[in-house]
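Listed here are the chains, written in short residue letters.
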Amino acid sequence: MITITGATGELGKRIVQQLLLQVDPAQLGILTRSPAKAAALAEKGVTVHQGDYDYPEALLQAFRGSDVLMFISNTDIGRRKEQHDRVVAAATEAKVGRIVYTSFVQYDPESRLAKSHADTESVIRASGLPHTFLRNNFYGEPYLVEIELAMKSGFYRTPTDSDAGVSFTTRDDIARAAAAVLVGDHHTGKVYELTGPENTTPTTFAEIAGELSGKTVLHQQTTWEELRADYVERGMAEEWLGLSVMLEQMIASGKLGRVSNDIELLTGKPGKSFREYAKEQLG
Ligand SMILES: NC(=O)c1ccc[n+]([C@@H]2O[C@H](COP(=O)([O-])OP(=O)(O)OC[C@H]3O[C@@H](n4cnc5c(N)ncnc54)[C@H](OP(=O)(O)O)[C@@H]3O)[C@@H](O)[C@H]2O)c1
């Protein structure tokens, strides 16, 4: 039995789709707070467990009998420590055969986001459970809006300098790699870095927007105050401002550009670059 948390989300539903191509639905279980969201999966024969990272008993029941648990990180970074500790404790008590965790490519104690993933890896290691870590880079999907804005204005505005970029990946590629790791039997103790095949710098962003719009688009380096002002002007809610600036600061650090070929190694097919993805979505 493979049990998947976060299975109704954008990443989780893609992982379930990939698994359904390879295993009998009766071998799949998912966790959701709202089983109605997973009615179509239940109809296919997938076991739907109602559960919440806040309620240990339901987690224990959902995880019992799992050969592999796909643990997709929670959405609320502020509550990650307590919720993730609960998930790992329940998985340990349920004696799951292996836990596969969606971690992050970079260890950086200065970054709340990166640290939360590193802390979860530590808790999983300390649990003694066999495990596999998928260290994912940023998804490219949320950055399509930046390309659209640059296409309109002729400028890609960011404080990040021209060389610092991200080897963006996509949820589709992560899902293909995750399914391979869940179904395969030789991934215990392994760490995979799931990145795209190209480092997308601000210069690349401007190039992509230029190619898509047929006009010249330039990278315009702003200050951090100007970035905040741009976000406010776009109508970004106050609650997202801090996180969005933090993500841009992580990009500006220049530490997210490393390219790994683990997606190709796991799936036999290279991951999609942000350039290909943006052209496919916006072209
Ligand atoms: N690398 C990146 O660039 C990047 C970007 C965005 C997110 N992420 C990470 O990747 C994860 C998955 O992303 P996504 O796009 O699939 O997110 P999403 O579409 O928002 O889905 C979130 C999932 O988490 C589940 N969930 C939320 N709170 C829960 C709780 N208290 N108990 C149990 N389940 C809970 C939801 O299930 P129900 O609502 O059905 O209960 C849903 O299936 C995120 O949680 C985040 O950690 C990474």
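Here is what the cut-offs are and how they apply
- Residues numbered from 1 in each chain as written.
- Predicted model: local features only at pLDDT ≥ 70, side-chain atom pairs only at ≥ 80, totals over all residues.
- Helix = DSSP H or I, 4+ residues; strand = E, 2+ residues; numbered from the N terminus.
- Rg over C-alpha atoms; globule rule 2.2 N^0.38 Å.
- Buried ≥ 20, exposed ≤ 12 C-beta atoms within 10 Å, placed from the backbone.
- Contact = placed C-beta atoms within 7 Å.
- Pairing = 2+ DSSP bridges.
- Right-handed = clockwise from strand over helix to strand, strands pointing away.
- Near = placed C-beta within 6 Å.
- Nonpolar A, V, L, I, M, F, W, Y, C, P; charged D, E, K, R; others polar.
- Axes fitted to C-alpha atoms, helices over the stretch in contact; angles between N-to-C directions.
- Parallel < 35°, antiparallel > 145°, perpendicular 65-115°, else oblique.
- Left-handed = near helix turned anticlockwise from the far one by under 90°.

Enquirer: Teacher, can you tell me more about the overall build of the protein chain here?
Expert: A count of helices and strands for the protein chain gives twelve helices and nine strands. Against the 2.2 N^0.38 benchmark of 19 Å for 283 residues, the protein chain shows a C-alpha radius of gyration of 20 Å, consistent with a compact globule. Its C-alpha atoms put the protein chain at 55 × 35 × 35 Å along the principal axes. When each of the 283 residues of the protein chain is scored for burial, the buried share is 41%. Summarising the internal contacts of the protein chain: among those between residues at least 6 apart in sequence, 77% fall at separations of at least 24.

Enquirer: Help me out: how do you make sense of the pairing of strand 5 (residues 99-104) in this one?
Expert: Residues in a regular strand point their side chains to alternate faces of the sheet. Across the six residues that make up strand 5, a large majority, six, are buried. Residues I99, Y101 and S103 line one face of strand 5 and the alternating positions V100, T102 and F104 line the opposite face, and both faces are buried. The pairing of strand 4 (residues 68-71) with strand 5 spans three bridges and is parallel. Across the sheet, the residue bridging to L69 is I99, located in strand 5. Assessed by its sense of winding, the connection that carries the chain from strand 4 through helix 4 (residues 80-93) to strand 5 is right-handed. The sheet contact formed by strand 5 and strand 6 (residues 131-136) spans six bridges and is parallel. Counterpart to T102 in the pairing with strand 6 is L134. For the crossover from strand 5 across helix 5 (residues 112-127) to strand 6, the handedness is right-handed.

Enquirer: When you look at the site of the ligand in this model, what are you seeing that I'm missing?
Expert: The full set close to the ligand counts 23 residues, and G9, L11, T32, R33 and S73 are the nearest of them. Top contributing element to the shell around the ligand by residue count: helix 1 (residues 10-20), with three residues. Grouping the constituent residues of the shell around the ligand by class yields six nonpolar, twelve polar and five charged.

Enquirer: What am I meant to see in the environment of F104 here?
Expert: Checked against the element boundaries, F104 lands in strand 5. Along the chain, F104 and S116 lie twelve residues apart, while their C-alpha atoms are 9.2 Å from each other. In contact with F104, other than residues within four places in its own chain, are L113, A114, H117, R135 and N136.

Enquirer: In this structure, what is going on with the sheet that holds strand 8 (residues 191-194)? I would like to understand it.
Expert: Think of a sheet as strands paired side by side through backbone hydrogen bonds, with each pair either parallel or antiparallel. The strand order 3-2-1-4-5-6-8 describes an open sheet built from seven strands, whose pairing is parallel. Of all the strands in the sheet, the pair left with one neighbour each is strand 3 (47-50) and strand 8. Taken pair by pair, the neighbouring strands of this sheet meet at an average axis angle of 20 degrees, ignoring direction. Taken strand by strand, helix 5 contacts strand 5 and strand 6, and its axis lies near 155 degrees from that of strand 5. In the packing of helix 7 (residues 171-183) onto the sheet, the strands contacted are strand 1 (2-4), strand 4, strand 5, strand 6 and strand 8, and the crossing angle to strand 6 comes to about 170 degrees.

Enquirer: I'm lost on the packing of helix 1 against helix 7 in this one. Help?
Expert: The relative placement of two packed helices is expressed as an angle between their axes plus a distance between the axes. Two numbers describe how helix 1 lies on helix 7: the axes approach to 8 Å, and their chain directions differ by 50 degrees. The pairing of helix 1 with helix 7 is recorded here as oblique in orientation. Crossing of helix 1 against helix 7: the hand is right-handed. Residues E10, L11, R14, I15, Q18 and L19 of helix 1 form the contact with helix 7, whose own contacting residues are R171, D172, I174, A175, R176, A178, A179 and L182. Along the lines of polarity and charge, the residues of the contact of helix 1 with helix 7 split into eight nonpolar, one polar and five charged.

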